[in-house]
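Structural overview for review
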Amino acid sequence: MRVLVVNCGSSSIKYQFLDMDTEQVLCKGLAERIGIPGSRIVHKKDDQKVVVERPMKDHEDALKYVLELVVDEKVGGVKDLSEIDAVGHRVVHGGEKFSGSVLIDDEVMRALEEYSYLAPLHNPPNIMGIRAMMKLLPGVPNVAVFDTAFHSKMPAKAYLYAIPYEYYKKYKIRRYGFHGTSHRYVSRRTAEILGLDYHKSKIITVHLGNGASIAAVMNGHSIDTSMGFTPLEGLVMGTRSGDIDPSIVTFLMEKEGLTAEEVYTILNKKSGVLGLTDGFSSDMRDIEDKALEGDPVCRLALDIYEYRIAKYIGAYVAAMNGVDAIAFTAGVGENSPVTRKEVCENYLGYLGIKIDDEKNNIKGEERIITTPDSKVKVLVVPTNEELMIARDTKEIVEKGLKQLEY
Ligand SMILES: Nc1ncnc2c1ncn2[C@@H]1O[C@H](COP(=O)(O)OP(=O)(O)O)[C@@H](O)[C@H]1O
Ligand SMILES: CC(=O)OP(=O)(O)O
Ligand SMILES: [Mg+2]
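The structure presented is a predicted model; accordingly, all values stated were derived computationally and were not measured.

Moving on: the packing of aromatic side chains. Enumeration according to the criterion identifies 7 aromatic pairs in this entry. Ring centres of Y165 and Y168 lie 5.5 Å apart, and the angle between their planes is 50 degrees; on these two criteria the pair is classed as tilted. Here Y168 and Y165 lie together in helix α5 (residues 165-171), a separation of 3 residues that amounts to about one turn. The structure contains a cluster of three or more aromatic residues connected by ring pairs, namely Y159, Y165 and Y168. R174 extends its terminal NZ or CZ atom over the ring of Y159, reaching a point 3.8 Å from the ring centre. Its guanidinium or amino end placed over the ring of Y176, R174 lies 4.9 Å from that ring's centre, counting from NZ or CZ.

With that settled, the discussion passes to the sheet that holds strand β1 (residues 2-8). A sheet is described by the order of its strands in space; here 9 strands give the open sequence β5-β4-β3-β2-β1-β6-β8-β7-β15, paired in mixed fashion. For this open sheet the edge positions go to β5 (48-53) and β15 (403-405), each flanked by a neighbour on one side alone. Within this sheet the neighbouring strands show an average axis-to-axis angle of 15 degrees, counted without direction. Pairing of strand β7 (residues 100-103) with strand β8 (residues 142-146), which is carried by 2 bridges, proceeds in the antiparallel orientation. Bridge assignment links V102 to a residue of β8, and that residue is A144.

It is worth spelling out the UniProt feature "binding site: substrate" (unreviewed entry) in the protein at this point. The UniProt feature table records "binding site: substrate" (unreviewed entry) at R90. Within the secondary structure layout, R90 lies in strand β6 (residues 86-91). For R90, a relative accessible area of 14% puts it in the buried group. If we skip the residues at most four places from it in the chain, R90 touches V6, N7, N126, V145, D147, H179 and I389.

Rules behind the numbers
- Residues numbered from 1 in each chain as written.
- Chains lettered and ligands numbered in written order.
- Predicted model: local features only at pLDDT ≥ 70, side-chain atom pairs only at ≥ 80, totals over all residues.
- Heavy atoms only, no water.
- Phe/Tyr/Trp six-rings, centres within 6.5 Å; stacked < 30°, edge-to-face > 60°.
- Helix = DSSP H or I, 4+ residues; strand = E, 2+ residues; numbered from the N terminus.
- Lys NZ or Arg CZ within 6 Å of the ring centre and 35° of its normal.
- Pairing = 2+ DSSP bridges.
- Axes fitted to C-alpha atoms, helices over the stretch in contact; angles between N-to-C directions.
- UniProt positions renumbered as here; feature names shortened; annotations may be inferred.
- Buried < 20%, exposed > 50% of the residue type's maximum accessible area, 1.4 Å probe, protein only.
- Contact = heavy atoms within 4.5 Å.

Following this line, the structure appears as structure tokens:
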């Protein structure tokens, strides 16, 4: 079975085309700047790379060109569109309704539209991608794999906010959590590497990407996670504030004469390390480089970024009353020895964690980075959301399932 996996963002589409008999990536790419000048697709097949620069007015346009590349005789994965057996979609928000991956039909589409208010930055482009694939590949099954689903078994003490209960009943205001597909893959892989029984383990997964979140995975289920009602809550991120006193919202509205929407945009797109460095950068490579050169602003931004991560890890050790392993993943987690070392050595020594500097000096490789006598294992486990989405898609289509529980 060959599965096309798409992850549609507001102006980008990440995609991978996989042969699920071997789990080999046949080709992959990134369409970016969709709907704005300078749109292009960077497409890769093995060590070949092509860049297609052409106007792409919307996601349907972009996916049309993606499909052309997928069947290209030189850089494609197959010769004909009929060889694409299914499409797996990353969908950020599945609300309380979806506790697993689902075969997409009209009822699912109605639910996704309904939940768009819960993830206004993420779900609408996800839905655009689904509609586009239904049009471009009629009759080919589409599967939705939700960020929220892996966290759906979180207990009420973790998901309810201490606000009038009526707002949960009326609007389903609660913690949902995100990056669930990544936390699911990384926690399972961590258990495999360490030879742990996944269903009798306590694992903390630290997903540090542009969006960043931490999860407490106990006995194979997420029991708590740092992102909440939306992907804004929790860690300090590239452009997102993470946890703040909610009074700041109304304070800024009054003092700056801003609308709620404008404050929402500031907190989501102008905050995080970008905000802390007065607009210098949201890219942790830039922040780290300057911090290590001695720039005090970037050093403080990095300190704040690391301190928040450490506090969440400590909180989740308490939530699980112990921890077997901590796994770093995603862009910063996989590629920054400095962040891993400083978080672990400045704040987690009380757990008996000892970082092995030589083992930690890696980027993007799977590895245990602690010394053999470290009481808690710390690992780097590259995430692979696309593979998890493809696996769920294959299982649902091959078994003729409507929904896949995990
Ligand atoms: N070598 C590195 N050192 C520090 N940060 C890195 C490194 N490589 C990538 N990153 C950071 O990873 C982040 C992007 O993470 P990634 O998971 O790829 O993105 P996304 O969240 O969009 O999926 C960026 O902040 C980038 O700076
Ligand atoms: C939910 C979320 O933050 O996703 P991403 O990290 O892809 O922005
Ligand atoms: Mg990512």
